[in-house]
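# Chain and residue survey
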Amino acid sequence: MEKNQNKNIQEFEFKAEMKQLLNLIVHSLYTHPEVFLRELVSNSSDALNKVRFRRLIDNDILEPESELKISITLNKDEQSISIEDTGIGMTKEELIEQIGTVASSGTLQFLQKIKEEKTTLDASLIGQFGVGFYSVFMVAEQVTIETRSIEKDSKAYRWISKGDGFFTIEEIEKSSRGTNIYLKLKDEHKQFCDEKTIKSILNKYSNFVDFPIYVNSQKVNTVTALWHRRKEDIKEEELTEFYKFITNDYEEPLGHLHLSLEGILNFKALLFIPQSAPSFIFRDFDEKSLLLYSKKVFIQDDCKELLPDYLKFIKGVVDTEDLPLNVSREVTQYSPVMAKINSILTSKILSFLEDWFQTQKDKYIKFFKNFGSIFKLGLNSDFTNRDKLIDLMLFGTSKTQPDEYISLKEYVSRMKENQNDIYYVLGNSRDVIQKNPNIEYFLKNDFEVIYLTDPVDVFTIPQIREYDKKKLVSADKSDIKFDETVSNKPDALSPDLSKSLIDVFKRILGDKVEDVRESVRLVESPVTLVVGSSGMDKQLEKMMQYMDKEFKMPRRILEVNMSHPVIKNLAKRLIADENDEIITISVLQLFEGALLLEGYLNEPADFISRMNEIIFNATKV
Ligand code: ADP
């Protein structure tokens, strides 16, 4: 919204959501308010990188020769700080559009939620939302931006706001290219015009900005790209701060990998694995933290070609000497150099993870818990590294504690002597799986069953098929080869009686089932439904059902436990009177109960009325 005040100054109102966000920023208490400086320096550094990049293509710009730098001026009398860059600058439209949009629809709610939980906000959080610029309103009572864009004939503008929901824009005279941001500091934040304070903040947050930074005309940083230094010369804190700088993460990374390759391919890489996975609303920003440099010049900040999708949680920098400098997005997309870097990085990262797996299991488990769902997708796409990937998979099983995990190698090493296959079962959670009747046999006879609870397992695990010549077999399937010696049930019904009872089940259930069979696997439960030999995994079916409402559950095989008291009672009834009404009711009830357990009982009315009838008879006095 815009209203004319005088000829030159136009007043604008922030969008409603932006206003709320500003209000929250202005009126909160913070830990780490100094983060505003990092945000501004980082914006300046981005703007300078854009000039560096543009200069590779043409020199037909405003002040093509000017030094690329950031100048910070502190003024105690005015209680002010200004940050000026010779970067790409902004046009009027950019001033209105870029400075004033909320990055994600969830941002505001998220911040409000944190605000409700805590009295002080962690300022480092703000940078993560793509609204870093607004952090200035933590410390400034008024902010003035003066900016002139890179094009030769551009005009310059002044933007002013108190963070109260309005801003003004006017055209001004400014001969130099770039942006100057002037902050009139709040009284409680006047420490930010102190030189020593500012220098130490820069030292902490912005040491590796690869443009010179001046404070009151004195250069304060040494500009060497961190990844070009020798491993031994880089301090842990520098790595952490660099990581935070490129990712906006407020936690330190879980680990890093520094590579330097020379030979047929020349590149350096400094890669990080984050401590935790981004929460849902951070996902869009997430992809902007793998930076591609070519001969120390920044090219791209979301370079998807550098790593396969299943490693996209990796952050960092790759700097190559093998790409032309004026490389465009299209070139990086199809360049064979990129494909080679991608494959080398992938194999280095996998070896790095293998090393964690062998020597720092806790770290590896932490990594896997956070990123396992993405990482597993490698099984469906990276066939070159298939074996490595399979060995890096972790699983909970019927024999592990809830927070304990084993690999397939460990599983196989502790398989029972009479066990030929690797058993797994899919389900929403450990609790649900533990109640699945289909694994009763395995639990009773001490066979370990892998519990797959991650939704992506449905797609990834069947990809493994075999490990160490042992088949991966779903415990929900009908065609499992049970060891008859261990499953022998001395108290079961006789074969003849079992057969007659099965015929009765078949007659009553008709085409509701694919087949009815005597069960070997059941211990506690009277019946269960299993998947026929050609059927798909139950979880995969659920997924199909979710995606396609018309999807019908394929028919199942009903297995009957011939040593279960309920089944034995039915057999007795059958001998006494083969037309006994209670047999029909019980068979239907058992079948629908099994359906219910699987979440497939779509019309429960009959089930309930039969149950009521049973209760009625049982409660008769
Ligand atoms: P982000 O940097 O995460 O995009 P910000 O709120 O910090 O979010 O900045 C918003 C946008 O404003 C930037 O993306 C950029 O387009 C523009 N901007 C901010 N500072 C500068 C600057 N010093 N020079 C040029 N453009 C800038």
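Residues numbered from 1 in each chain as written. Predicted model: local features only at pLDDT ≥ 70, side-chain atom pairs only at ≥ 80, totals over all residues. Heavy atoms only, no water.

Notably, Gln79 is not glycine yet its phi reads approximately 55°, a positive angle. As for its position among the elements, Gln79 is in the loop between β4 (70-75) and β5 (80-85). In this model, Arg465 sits at a positive phi of 60°, which is unusual for a non-glycine residue. Tracing the backbone shows Arg465 in the loop between α18 (457-464) and β21 (466-467). Exposure remark for Arg465: the relative accessible area of 55% places this residue in the exposed category. (Helix = DSSP H or I, 4+ residues; strand = E, 2+ residues; numbered from the N terminus. Buried < 20%, exposed > 50% of the residue type's maximum accessible area, 1.4 Å probe, protein only.)

By the definition in use, this model includes 29 aromatic pairs. Note on Tyr243 and Phe272: the rings are 5.2 Å apart at their centroids and 50° apart in plane angle, and the pair reads as tilted. Highlighted residues: Tyr243 in helix α8 (residues 236-247) and Phe272 in strand β14 (residues 267-273), separated in sequence by 29 residues. With relative accessibility at 1%, the residue Tyr243 sits in the buried group. For Phe272, a relative accessible area of 1% corresponds to the buried category. Grouping aromatic residues by their ring pairs yields a cluster made of Tyr310, Phe313, Phe357, Tyr364, Phe367, Phe368, Phe371 and Phe375. (Phe/Tyr/Trp six-rings, centres within 6.5 Å; stacked < 30°, edge-to-face > 60°.)

This brings us to the pairing of strand β7 (residues 140-148). In terms of strand pairing, β7 meets strand β10 (residues 178-185) through eight bridges, oriented antiparallel. Along β10, the bridge assignment pairs Thr147 with Thr179. As judged from the six bridges shared by β7 and strand β8 (residues 156-161), these two strands associate in the antiparallel manner. Bridge pairing in β8 places Thr144 opposite Ile160. (Pairing = 2+ DSSP bridges.)

Our focus in this paragraph is the pattern of salt bridges. Tallying each qualifying case throughout the model produces 27 salt bridges. Lys376 serves as the salt-bridge partner of Asp454, at 3.0 Å between the closest nitrogen and oxygen. Here Lys376 lies in the loop between α12 (361-375) and α13 (378-381) and Asp454 lies in the loop between β20 (449-452) and α18, a separation of 78 residues in the sequence. For Asp454, a relative accessible area of 16% gives the class buried. Overall, the relative accessible area of 7% leaves Lys376 in the buried class. Note that Arg517 is salt-bridged to Asp515, the shortest N-O span being 3.0 Å. In the salt-bridge network here, residues are joined through shared partners; they are Arg54, Asp58 and Glu151. (Salt bridge = Lys/Arg side-chain N within 4 Å of Asp/Glu carboxyl O.)

Let us look at the domain arrangement of the chain. What the domain assignment lists for the chain is domain 1 (2-219), domain 2 (226-364), domain 3 (395-474) and domain 4 (490-532 + 549-619). Taking only C-alpha atoms, the centre of domain 3 and the centre of domain 4 are 27 Å apart. With six residues of domain 3 at the contact, the number on the domain 4 side is ten residues. Considering only the surface of domain 3 that becomes buried against domain 4, Pro437, Asn438 and Glu440 emerge as the three largest contributors, covering 70% of it. Connecting domain 3 to domain 4 are six residue pairs in polar contact (both at pLDDT 80 or more). Across the side of domain 3 that touches domain 4, the residue classes break down as two nonpolar, one polar and three charged. (Domains from an automatic or database assignment. Contact = heavy atoms within 4.5 Å. Buried area = accessible area lost by both parts, 1.4 Å probe. Polar contact = N/O pair within 3.5 Å; in protein donor to acceptor, adjacent residues only side chain to side chain. Nonpolar A, V, L, I, M, F, W, Y, C, P; charged D, E, K, R; others polar.)

So, about the sheet that holds strand β24 (residues 527-530). Pairing within the open sheet is mixed, and its three strands lie in the order β23-β25-β24. At either end of the open sheet lies a strand with only one pairing partner, and these are β23 (515-518) and β24. Across the sheet, the mean angle separating the axes of adjacent strands is 25° when strand polarity is ignored. Pairing of β23 with strand β25 (residues 557-560), which is carried by four bridges, proceeds in the parallel orientation. By the bridge assignment, Glu518 is partnered in β25 with Val560. Where helix α23 (residues 581-598) meets the sheet, its contacts fall on β24 and β25, and the angle it forms with β24 comes to roughly 55°. (Axes fitted to C-alpha atoms, helices over the stretch in contact; angles between N-to-C directions.)

Here we come to the environment of Thr619. If you trace the backbone, Thr619 turns up in helix α24 (residues 605-619). Here Thr619 falls in the exposed class, since its relative accessible area comes to 52%. Spatially, the C-alpha atoms of Thr619 and Ser42 are 75 Å apart, while their sequence positions differ by 577 residues. Within the local environment of Thr619, its side chain forms a polar contact with the backbone oxygen of Ile615, the two atoms lying 2.8 Å apart.

Let us look at the pairing of strand β15 (residues 290-294). The buried fraction of β15 is high, at five of five residues. With burial as the criterion, each face of β15 is covered, one bearing Leu290, Leu292 and Ser294 and the other bearing Leu291 and Tyr293. Bridge analysis of β15 against strand β17 (residues 315-320) gives five bridges, and the strand direction is parallel. Across the sheet, Ser294 pairs through a bridge with Thr320, a residue of β17.

It is worth spelling out the packing of α23 against α24 at this point. At a closest axis distance of 10 Å, the pairing of α23 and α24 adopts a crossing angle of 130°. By the angle class used here, α23 and α24 are oblique. In terms of crossing hand, the pair formed by α23 and α24 is left-handed. Here Ile585, Leu588, Gln589, Glu592, Gly593 and Leu596 of α23 come into contact with α24, specifically with Phe607, Arg610, Met611, Glu613 and Ile614. (Parallel < 35°, antiparallel > 145°, perpendicular 65-115°, else oblique. Left-handed = near helix turned anticlockwise from the far one by under 90°.)

A word on the sheet that holds β20. Adjacent strands of a sheet pair through backbone hydrogen bonds, lying either parallel or antiparallel. Spatially, five strands are ordered β18-β20-β19-β22-β21 in an open sheet, and the strand pairing comes out mixed. Two strands in the sheet have a free side with no partner beyond their single neighbour: β18 (396-397) and β21. Taken together, the three bridges between strand β19 (residues 422-426) and strand β22 (residues 470-474) define a ladder with parallel strand orientation. Bridge pairing in β22 places Tyr424 opposite Ser474.

With that settled, the discussion passes to the packing of helix α20 (residues 495-509) against α23. Look at α20 against α23: their axes get within 10 Å of each other, and the N-to-C directions meet at 75°. On the basis of the axis angle, α20 is roughly perpendicular to α23. From α20, Val504, Phe505, Ile508 and Leu509 reach across to α23, where they touch Ile583, Thr584, Val587, Leu588, Leu590 and Phe591. For the contact of α20 with α23, the residue count by class is nine nonpolar, one polar and no charged.

Once that is clear, we can look at the environment of Phe375. Within the secondary structure, Phe375 is located in helix α12. Sequence-wise, Phe375 and Leu68 are 307 residues apart; in three dimensions their C-alpha atoms are separated by 40 Å.

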